[in-house]
Amino acid sequence: MASRQRRVGCIVDGGHTDMGRKIENLRQIAERSGVFIVGSGGYYMDRSYPPEIAAKSEDQIANELAQEATSQHLGAFGEIGADPNEPELTPAERKVFRAVGKAHLRTNLPIFTHNAYGTGPNVPKEAGLRQLDVLESVGVKPEHVAIGHCDSLVDPSADLIKQVAKRGAWVGFEFARGGSLRPTKSESAPFWRSSTPGTRIACFYPRITPAAGRSICLRTVG
Ligand SMILES: [Zn+2]
């Protein structure tokens, strides 16, 4: 009830079965708290995939994901991600990304990704764009995709964010309120460093709107 009283109306859960998510637990949490919870489908990253993923084809995985989404009344596919500190998607991750894209085409559920920005030196700036490439390769339109954790990349020029927005996808920006989680990296630009709640979003908005070519609706939570 506390969450409801604090005006949290809905949570999109980014877990799925390979992360230990149990849909019944979400149901109970929703009932007890009064907060709506949207469940998601998919697979997280190579190191968390169940062993049978290796033997399944892209289309098999897509069929199963679409069926699961329908039978469990899921509302999204995500987080769909990549192992930390790897320079590119593994072959299995590429297969899963394409399968999720195909499952999206059948269900029209949005997709949100996880990428490994901030977890090691081998993660290229373009990682989010390559995720979008793979999803688009099976026909997913960028407007149905959110590229996750874009704000975790040390990118003072905001180049990655601009490119994601220019292609028409959504920019995942989880730490927009500032605070103590991200701002202390010595290599971060002032754009990212402010610890004053709201400051980073105020810096972010004027940069991203021209890049997207349209006005963007931003809402803060909390
Ligand atoms: Zn993530």
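To start, this report covers the structure provided alongside it.

### Brief notes about the overall build of the chain
Helix and strand content of the chain: eight helices and seven strands. Residue burial in the chain is summarised as follows: out of 222 residues, 45% are buried. Of the roughly 11600 Å² of accessible surface on the chain, a fraction of 53% belongs to carbon and sulfur atoms.

### Description of the packing of helix α3 (residues 58-71) against helix α4 (residues 91-107)
Viewed as axis vectors pointing N to C, α3 and α4 meet at an angle of 45 degrees, and their least axial separation amounts to 8 Å. Classified by the angle their axes make, α3 and α4 are oblique. Considering only the axes of α3 and α4, their crossing is right-handed. From α3, Glu 58, Asp 59, Ile 61, Ala 62, Asn 63, Leu 65, Ala 66 and Ala 69 reach across to α4, where they touch Lys 95, Arg 98, Ala 99, Val 100, Lys 102, Ala 103, Arg 106 and Thr 107. Among the residues making up the contact of α3 with α4, the classes are represented as eight nonpolar, two polar and six charged.

### Notes on the pairing of strand β5 (residues 111-114)
In this sheet, β5 lies alongside strand β4 (residues 76-81) in parallel orientation, the contact comprising three bridges. Following the sheet pairing, Phe 77 is matched in β5 by Ile 111. With respect to chirality, the unit in which β4 leads through α4 into the neighbouring parallel β5 is right-handed. Regarding topology, helix α5 (residues 127-137) serves as the crossover connection from β5 to the parallel strand β6 (residues 145-147), and that connection is right-handed.

### Overview of the side chain of His 149
Its location among the elements puts His 149 in the loop between β6 and α6 (159-166). Given the relative accessible area of 17%, His 149 is considered buried. Those residues in contact with His 149 that sit more than four places away from it in its chain are Glu 79, His 114, Asn 115, Tyr 117, Gly 172 and Glu 174.

### Quick word on α4
A rise of 1.5 Å per residue sets the reference length of α4, with its 17 residues, at 24 Å; its end C-alpha atoms lie 24 Å apart and thus fit the reference within 8%. Buried within α4 we find Glu 93, Lys 95, Val 96, Phe 97, Ala 99, Val 100, Gly 101, Lys 102, Ala 103 and His 104. Buried residues along α4 sit against α3, β4, β5 and α5. Note on α4: the residue one or two positions beyond its end, Asn 108, has a positive phi of about 65 degrees.

### Digging into the pattern of salt bridges
A complete count under the given rule lists ten salt bridges for this structure. A salt bridge links Asp 59 to Lys 102; the shortest N-O distance between them is 2.7 Å. With Asp 59 in helix α3 and Lys 102 in helix α4, this pair connects stretches of sequence that are 43 residues apart. The partly exposed category is assigned to Asp 59, whose relative accessible area is 38%. We note a salt bridge from Glu 136 to Arg 167, for which the minimum N-O separation is 2.5 Å. With Glu 136 in helix α5 and Arg 167 in the loop between α6 and β7 (170-171), this residue pair connects regions lying 31 residues apart in the sequence.

Rules and cut-offs
Residues numbered from 1 in each chain as written. Predicted model: local features only at pLDDT ≥ 70, side-chain atom pairs only at ≥ 80, totals over all residues. Heavy atoms only, no water. Helix = DSSP H or I, 4+ residues; strand = E, 2+ residues; numbered from the N terminus. Buried < 20%, exposed > 50% of the residue type's maximum accessible area, 1.4 Å probe, protein only. Areas by Shrake-Rupley, 256 points an atom, 1.4 Å probe, with all protein chains shown as cover. Axes fitted to C-alpha atoms, helices over the stretch in contact; angles between N-to-C directions. Parallel < 35°, antiparallel > 145°, perpendicular 65-115°, else oblique. Left-handed = near helix turned anticlockwise from the far one by under 90°. Contact = heavy atoms within 4.5 Å. Nonpolar A, V, L, I, M, F, W, Y, C, P; charged D, E, K, R; others polar. Pairing = 2+ DSSP bridges. Right-handed = clockwise from strand over helix to strand, strands pointing away. Expected span 1.5 Å × (residues − 1). Salt bridge = Lys/Arg side-chain N within 4 Å of Asp/Glu carboxyl O.

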